[in-house]
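# A structural walkthrough
As a plain string of letters, each chain reads:
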Amino acid sequence: SSSSSEDTPITRFQQYLRFITTHPNPNYTAPISFLLNQAQTIGLTTRTIEIVSNKPILLLTWLGSNPNIPSILFNSHLDSVPAESDKWIHPPFSAHRTINGNIYARGAQDDKCIGVQYLEAIRNLKSRGFVPLRTIHISYVPEEEIGGFDGMMKFADSSEFRDLNLGFAMDEGQANPGDEFRVFYADRTPWELVIKAKGAPGHGAKLYDNSAMENLMKSVELISKFRETQFDFVKAGRFANSEVISVNPVYLKGGTVTSSGFVMNMQPSEAEAGYDLRLPPMTDPDVMRKRIDEEWAPSIRNMTYTVKEKGMLRDHLGRPLMTPTNDSNPWWSIFKQAVEATGAKLAKPEILASTTDSRFIRNLGIPVLGFSPMSNTPILLHDHNEFLEDTVFMKGIEVYESVISALSSFEGVSGQVI
Ligand SMILES: CSCC[C@H](NC=O)C(=O)O
Ligand SMILES: [Zn+2]
Ligand SMILES: [Zn+2]
């Protein structure tokens, strides 16, 4: 029963979802002009910051009545992971809304929902005559899905960012099939691990020691065993998924290849495997490095390896990269109360299994909570048929109204700059 001329929070969400922002060639121009347009209608100050060319950052600002105290930031990323169209029940950029109210699109959960909810919440607060004490910023950043290096990493390091004088920030979280909203106080740190084996080549029929494939397979087995011990903690209910080290194989490479394919009767002299490794913030990185060096890719087995650390475990002062979720962090209590004031329940704070741009902000010593208000929703980020139900999306706007008004009204703690 919806006509295309309707202009509602839902149709604006659908419009934002229809921009094709998937890697490797995300369109940043079109969603930014849409958001600029929305911001101007609502009456927010706008700024586009292009630290890396063609990778713009959009910053929207609602000036507080006291712009001298630290401000608050609501961040989301503009980009999305790819989608295999033919495997979806509705095309991933159609933003099709079913009769049940499910809106299908790549980015519906990750994380275009929050990008629009921030704006809709502010639109409602403005129309009610709300006046924030603290300045409120909303940022839309590129490149999160590929590590944030040309996005939030450089933005967080810029004078523009420093000049925001942030006291607190919020970034994306994850859906929950249950009826509570989840909230995240830390991310795991991603390492890209590549192990390479060299060995004696030889006839495919020959039995001998120290072939490259044998050397690699030994490591693959050891890594699989380690993976199993970590996974067993999760299966036994001792730890959450995000509290253990995950090491998942993403590719295996070997063989002698010609234009007609693999040569089957030759044992190759080189073989390689790639792993996605994630470390919880309390992990001792030296123990991990030692394990890789001595067990997983030992030089005595003709192995070499590379580790690309795509994040940090400690902040610039050497503290684990975590935001306190107790009374020592006044922002936490305000956030929690504001969510609960809408009648919603908040789950126990968690570490996020994956990695977001919030690590670059936490690294500066600024508290950040990861939060995407989606309850009773299957976790479909990076999956086929990603969707969000319209009623869940609308509830999220109400939640952000409460959260934004409470956080921006926080007067601070006497004797402390917060
Ligand atoms: C290597 S950092 C990549 C960040 C990415 N973020 C969302 O999925 C992730 O893989 O968690
Ligand atoms: Zn995301
Ligand atoms: Zn993602």
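Residues numbered from 1 in each chain as written. Chains lettered and ligands numbered in written order. Predicted model: local features only at pLDDT ≥ 70, side-chain atom pairs only at ≥ 80, totals over all residues. Heavy atoms only, no water.

The name an unreviewed UniProt entry assigns to the protein is Peptidase M20 dimerisation domain-containing protein, from the organism Cardamine amara subsp. amara.

In the neighbourhood of ligand 1, the contacting residues comprise Glu144, Glu145, Gly147, Pro190, Arg278, Lys310, Ser354, Thr355, Arg359 and His382. Within the contact set of ligand 1, an oxygen atom lies 2.8 Å away from a side-chain nitrogen or oxygen of Arg278. The protein chains hide 86% of the 330 Å² of surface that ligand 1 would expose on its own. Of the residues in the shell around ligand 1, the class split is one nonpolar, four polar and five charged. (Near = heavy atom within 4 Å. Polar contact = N/O pair within 3.5 Å; in protein donor to acceptor, adjacent residues only side chain to side chain. Areas by Shrake-Rupley, 256 points an atom, 1.4 Å probe, with all protein chains shown as cover. Nonpolar A, V, L, I, M, F, W, Y, C, P; charged D, E, K, R; others polar.)

A few words now on the environment of Thr135. With respect to the helices, strands and loops of the structure, Thr135 is situated in the loop between α3 (112–127) and β6 (136–141). Taking the C-alpha atoms as reference points, Thr135 and Ser333, 198 residues apart in sequence, are found 19 Å from one another. Not counting the four nearest positions on each side in its chain, Thr135 is found in contact with Thr61, Trp62, Leu63, Gly64, Pro67, Ser71 and Ile72. A polar side-chain atom of Thr135 sits 3.0 Å from the main-chain amide nitrogen of Gly64. (Helix = DSSP H or I, 4+ residues; strand = E, 2+ residues; numbered from the N terminus. Contact = heavy atoms within 4.5 Å.)

We now examine α3. Residues spaced three or four apart along an α-helix point in a common direction, a consequence of the helix completing one turn every 3.6 residues. When the terminal C-alpha atoms of α3 are compared, their 23 Å separation across 16 residues agrees well with the 22 Å that a helix rising 1.5 Å per residue should span. Of all the 16 residues making up α3, 13 are buried; the element is thus mostly covered by neighbouring parts of the structure. One or two positions beyond α3, positive phi appears at Gly129, with a value near 85°. (Expected span 1.5 Å × (residues − 1). Buried < 20%, exposed > 50% of the residue type's maximum accessible area, 1.4 Å probe, protein only.)

Judged by how many residues are buried, helix α1 (residues 9–17) sits mostly within the fold: seven of nine residues are covered. By the burial criterion, the buried members of α1 are Ile10, Thr11, Arg12, Phe13, Gln14, Tyr16 and Leu17.

Distances from the zinc ion (ligand 3) to its protein donors, Asp110 (OD), Glu145 (OE), Glu145 (OE) and His382 (NE2), fall at 2.0 to 2.5 Å. Classification of the site at the zinc ion (ligand 3) as irregular follows from its four donor atoms and the range of 57 to 145° in their angles at the metal. The exposure class assigned to His382 is partly exposed, which follows from its relative accessible area of 45%. (Donors = N, O, S within 2.8 Å, 3.2 Å for Na, K, Ca; no water. Tetrahedral: all angles 85-135°; square planar, octahedral: opposite > 155°, others 65-115°.)

Here we come to the sheet that holds strand β10 (residues 189–198). If you walk across this open sheet you meet the four strands as β12-β16-β10-β17, and the pairing is antiparallel. Where the open sheet ends on each side, the last strands, each with one partner, are β12 (246–253) and β17 (303–309). Ignoring strand direction, the axes of neighbouring strands in this sheet form an average angle of 20°. Inspection of the sheet shows β12 paired to strand β16 (residues 270–279) by seven bridges, in the antiparallel sense. Each bridged residue has a counterpart across the sheet, and for Lys253 the counterpart in β16 is Glu272. Where helix α6 (residues 212–235) meets the sheet, it contacts β10, β12, β16 and β17, and its direction lies at approximately 15° from that of β16. (Pairing = 2+ DSSP bridges. Axes fitted to C-alpha atoms, helices over the stretch in contact; angles between N-to-C directions.)

Let's shift gears to the environment of Asp357. Positionally, Asp357 belongs in the loop between β19 (350–352) and α9 (358–362). The class for Asp357 is buried, based on a relative accessible area of 1%. Each C-alpha atom of the pair Asp357 and Val141 lies 9.1 Å from the other, and the pair is 216 residues apart in sequence. Asp357 has contacts with Asn75, Val141, Glu144, Gly148, Met152 and Asp171, leaving out every residue within four places of it along the chain.

For the rest of this paragraph, the subject is the UniProt feature "active site" (unreviewed entry) in the protein. Within this structure's numbering, the places UniProt gives as "active site" (unreviewed entry) are Asp79 and Glu144. With the annotated positions falling across 66 residues, the maximum pairwise C-alpha distance of 6.8 Å places them together in a single cluster. Within the fold, Asp79 resides in the loop between β3 (71–77) and β4 (96–97). By relative accessible area, Asp79 is classed as buried at 1%. Not counting residues within four places of it along the chain, the set of residues in contact with Asp79 comprises Thr21, His23, Pro26, Tyr28, Val141, Pro142, Glu143, Glu144, Glu145 and Ile146. Of the polar contacts made by the side chain of Asp79, one reaches the backbone nitrogen of Glu143; its length is 3.4 Å. Relative to the assigned elements, Glu144 resides in the loop between β6 and α4 (152–156). On the basis of relative accessible area, Glu144 is assigned to the buried category, the value being 7%. In this structure Glu144 touches His77, Asp79, Glu172, Thr355, Thr356 and Asp357, once residues within four positions along its chain are discounted. (UniProt positions renumbered as here; feature names shortened; annotations may be inferred.)

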